[in-house]
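Given next are the chains, with one letter for each unit.
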Amino acid sequence: MTKPSRVNAPRKIDPGLPHYESLVHMLLAAVESHPDVIAVIYEERRISYAQFGRAVAGLAAKLSAAGVGAGDRVVVMMANSIEMDVAIMAAMTTRAQVAPVNPFLTPHELERALVDVEGAFLIHDAPAAEKARGVADKFGIPGLLELGAGSLDAWAADASLTLDAGTLPTADDLALLIFTGGSTGIPKGVNHTHRGLMWSFVQHCSVWPCETGRERFLNVAPMFHIWGLGYATWVPIYAQSTLVMVPRYDPDKVVHALGEHRITVFGGGPAPIYMGALTAQGFDQTDFSALKYCISGGAPCPEDLHREWLARTGCPLLEGWGMTEGAPFCLNPLDSKRKVLSVGHPVPETTIEIVDVETGDKVLPIGEPGEVRVHGPQLMLGYRKKPEETRAALRDGWMYTGDIGYVDDEGFLFLVDRKKDMVIVGGYNVYPREVDEVLFKHPKIREAATVGKPDPRLGEVLVAFVVPDAGVTLTEDELFEYCKQEMVKYKRPVEVHFVDALPKTGTNKINRRALRERL
């Protein structure tokens, strides 16, 4: 009899790992246990855990004085920085929910993301100041604060500032509102509690172990993304260790940082990050001997990438899988069997099932592909102010992921398709339908469809197929200038093909697979 595709976690939670009441309690533990350990390195600047804790306490007091408190939402519109790290923790210290948003989005894109947030305060950096003022005016956000280099110095130096353990968040307080495009590209705010996020850290570190107070993590992913925040920024605090930030992804700077800072854990993320790093100058002259493991997720890692990375660094590339709605789901372990092209086994306290795509009710046999659904304590509560979408995603305690995969007879999960047609450009998630919608608005365009194309440096880039209106002339330059005004850089097509018609499926939907085959 064929066994069903139901896989429980093969390992338990590491009993030696702490489980804190909230993320702020987690920070307080790092401040008390390792005050002199450097918490964050950003270019030439450093901040110890003692200084970090004081800065968080000082900024939290300022937010509280402005009326921010439990049940409020604080929007953080910043690029990766020490200040962003502190701002997020400070907002949560007031028992508010923090909502990180991509500061590089256009004003129109920001308005779409923030329409349901109802923010009480907005923290931004200098480059985002004009957009922040526009968003605050649009949505009536009463508080606005700019943070930059030097903004935290007085607080960080004030030894009288402490985190008051008696006023910190509870496990069931909402901690994070983070945005996902979903299958339609329309932003949805994902609600996470402190309890759910804490489970994710414990799950990560039960499979990918960390030595408390001694690791050196490198993050290149944006902190407004679940990977760049949930793993690459917060797990270092959980491990009471050092986080090295590279301001923006640049292969040469990433490789330099790996060697210069003796990085032990590289949370690179999607495969394109590693593919780009392999092209960096001086890669083969870099000392990677401190690396214990490197982590990938968000895009499949080709077998050749696994082999080349291991051969040239001596360090394994461990694949995992999760979503904005919950992470991690599955991880390939460091200390036991793993399989190339698989995203691994379910993490502790987690179960996965492969179900039929049509109803989501029938558990399929082992080896048969279907939709992957997940059950575990790290799942979101739901989407903010989107009850229908929440009911579709969360059913009877299961998260329906929209990803297509199968499990083998050893319980390893293999993802074979992306139901959502997502494209990953240099580590950023791009949803083709969202780009299509922008193109549709051009007065000279009748139809348009966007697909991903492999790129040696960015992993994928976007290519647009455009059907102009009859009798009009539309040039590449004109289209690219329009995209520049309407979309952040990584969403813009780098190539356009003007065609007479788009290929359609039998149900009259655009056949993106046929378009990819033309590239």
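Check the entry above for the structure.
Keep in mind that this is a model prediction, so the values were computed, not measured. (Residues numbered from 1 in each chain as written. Predicted model: local features only at pLDDT ≥ 70, side-chain atom pairs only at ≥ 80, totals over all residues. Heavy atoms only, no water.)

J.: Just give me the short version of the overall build of the protein chain, but keep the residues and values in it.
T.: The secondary structure content of the protein chain amounts to 16 helices and 27 strands. Here the C-alpha atoms of the protein chain give a radius of gyration of 23 Å, agreeing with the 24 Å that 2.2 N^0.38 yields for 519 residues. The dimensions of the protein chain, computed from C-alpha atoms along their principal axes, are 70 × 60 × 50 Å. Taking all 519 residues of the protein chain together, the buried fraction comes to 58%. Excluding contacts between residues fewer than 6 apart, the proportion of contacts in the protein chain whose partners are at least 24 apart in sequence is 69%. A total accessible area of about 21,100 Å² is found for the protein chain, and carbon and sulfur atoms account for 50% of it. (Helix = DSSP H or I, 4+ residues; strand = E, 2+ residues; numbered from the N terminus. Rg over C-alpha atoms; globule rule 2.2 N^0.38 Å. Buried < 20%, exposed > 50% of the residue type's maximum accessible area, 1.4 Å probe, protein only. Contact = heavy atoms within 4.5 Å. Areas by Shrake-Rupley, 256 points an atom, 1.4 Å probe, with all protein chains shown as cover.)

J.: Any chance you could break down the nonpolar core for me, citing the residues and the numbers?
T.: Generally speaking, a soluble globular protein has its nonpolar side chains buried in company with each other. The biggest cluster of nonpolar side chains holds 94 residues, and the ones touching the most others in it are M26, M89 and W234. By residue number, the principal contributor to this core is helix α3 (residues 82–93), which donates nine residues. In contact with M26, other than residues within four places in its own chain, are Y20, M89, M198, F201, W234, I237 and Y238. In terms of nonpolar packing, the next biggest core, distinct from the first, is built from 36 residues, L105, V430, A464 and C483 among them. (Core = buried A, V, L, I, M, F, W, Y, C linked by side-chain atoms within 4.5 Å.)

J.: Can you explain the packing of helix α1 (residues 23–33) against helix α2 (residues 49–65)? Please cite residues and give values.
T.: The contact between α1 and α2 brings their axes to 8 Å, and the two run at 140 degrees. Here α1 is positioned oblique relative to α2, judged by the angle of their axes. α2 is crossed by α1, and the crossing has left-handed handedness. Contact residues: L27, A30 and V31 in α1; Y49, A50, F52, G53 and V56 in α2. (Axes fitted to C-alpha atoms, helices over the stretch in contact; angles between N-to-C directions. Parallel < 35°, antiparallel > 145°, perpendicular 65-115°, else oblique. Left-handed = near helix turned anticlockwise from the far one by under 90°.)

J.: Outline the environment of L331, listing residues and values.
T.: Note on placement: L331 falls in strand β15 (residues 326–331). Measuring from C-alpha to C-alpha, the distance between L331 and S342 comes to 8.9 Å, with 11 residues separating the pair along the chain. Among residues more than four places away in sequence, those in contact with L331 are Q203, H204, V207, W208, E319, G320, W321, V343, G344, H345 and V347.

J.: Explain the side chain of S5 to me, using residue names and the numbers behind them.
T.: Structurally, the position occupied by S5 is in the segment before β1 (6–8). The exposure class assigned to S5 is buried, which follows from its relative accessible area of 0%. Within polar-contact distance, the side chain of S5 engages the backbone oxygen of P365 at 2.7 Å. Of the polar contacts made by the side chain of S5, one reaches the backbone nitrogen of I366; its length is 3.2 Å. The residues touching S5, leaving out its near neighbours within four places in the chain, are I352, E353, I354, V363, L364, P365, I366, G367 and V407. (Polar contact = N/O pair within 3.5 Å; in protein donor to acceptor, adjacent residues only side chain to side chain.)

J.: Could you give an account of the pattern of salt bridges, naming the residues involved and the relevant values?
T.: Summed over all chains, the structure comprises 27 salt bridges. Among the ionic pairs, E83 bridges to R45, the shortest N-O distance being 2.4 Å. Taken together, the residues span a long stretch of sequence, with E83 in helix α3 and R45 in strand β3 (residues 45–48) at a distance of 38 residues. The salt bridge involving D173 is made with R95; its shortest N-O contact spans 2.7 Å. Taken as a pair, D173 in the loop between α6 (153–157) and β8 (174–180) and R95 in the loop between α3 and β5 (97–100) lie far apart in primary sequence, 78 residues in all. Sharing partners across several salt bridges, the network here consists of R73, E118, R384 and K385. (Salt bridge = Lys/Arg side-chain N within 4 Å of Asp/Glu carboxyl O.)

J.: Go over the side chain of N80, please, and point to the residues and values.
T.: Turning to its location among the elements, N80 is positioned in the loop between β4 (73–77) and α3. N80 gets classed as buried once you look at its relative accessible area, which sits at 7%. A distance of 2.8 Å separates the side chain of N80 from the backbone nitrogen of M223, its partner in a polar contact. Discounting chain neighbours no more than four positions away, the residues touching N80 are Y42, N219, A221, P222, M223, M245 and P247.

J.: Please set out the pairing of strand β27 (residues 495–498) residue by residue, giving values where relevant.
T.: Note that strand β26 (residues 459–468) and β27 share four bridges and pair parallel. Across the sheet, A464 pairs through a bridge with V496, a residue of β27. The parallel pair β26 and β27, bridged by helix α15 (residues 476–486), forms a crossover whose chirality is right-handed. (Pairing = 2+ DSSP bridges. Right-handed = clockwise from strand over helix to strand, strands pointing away.)

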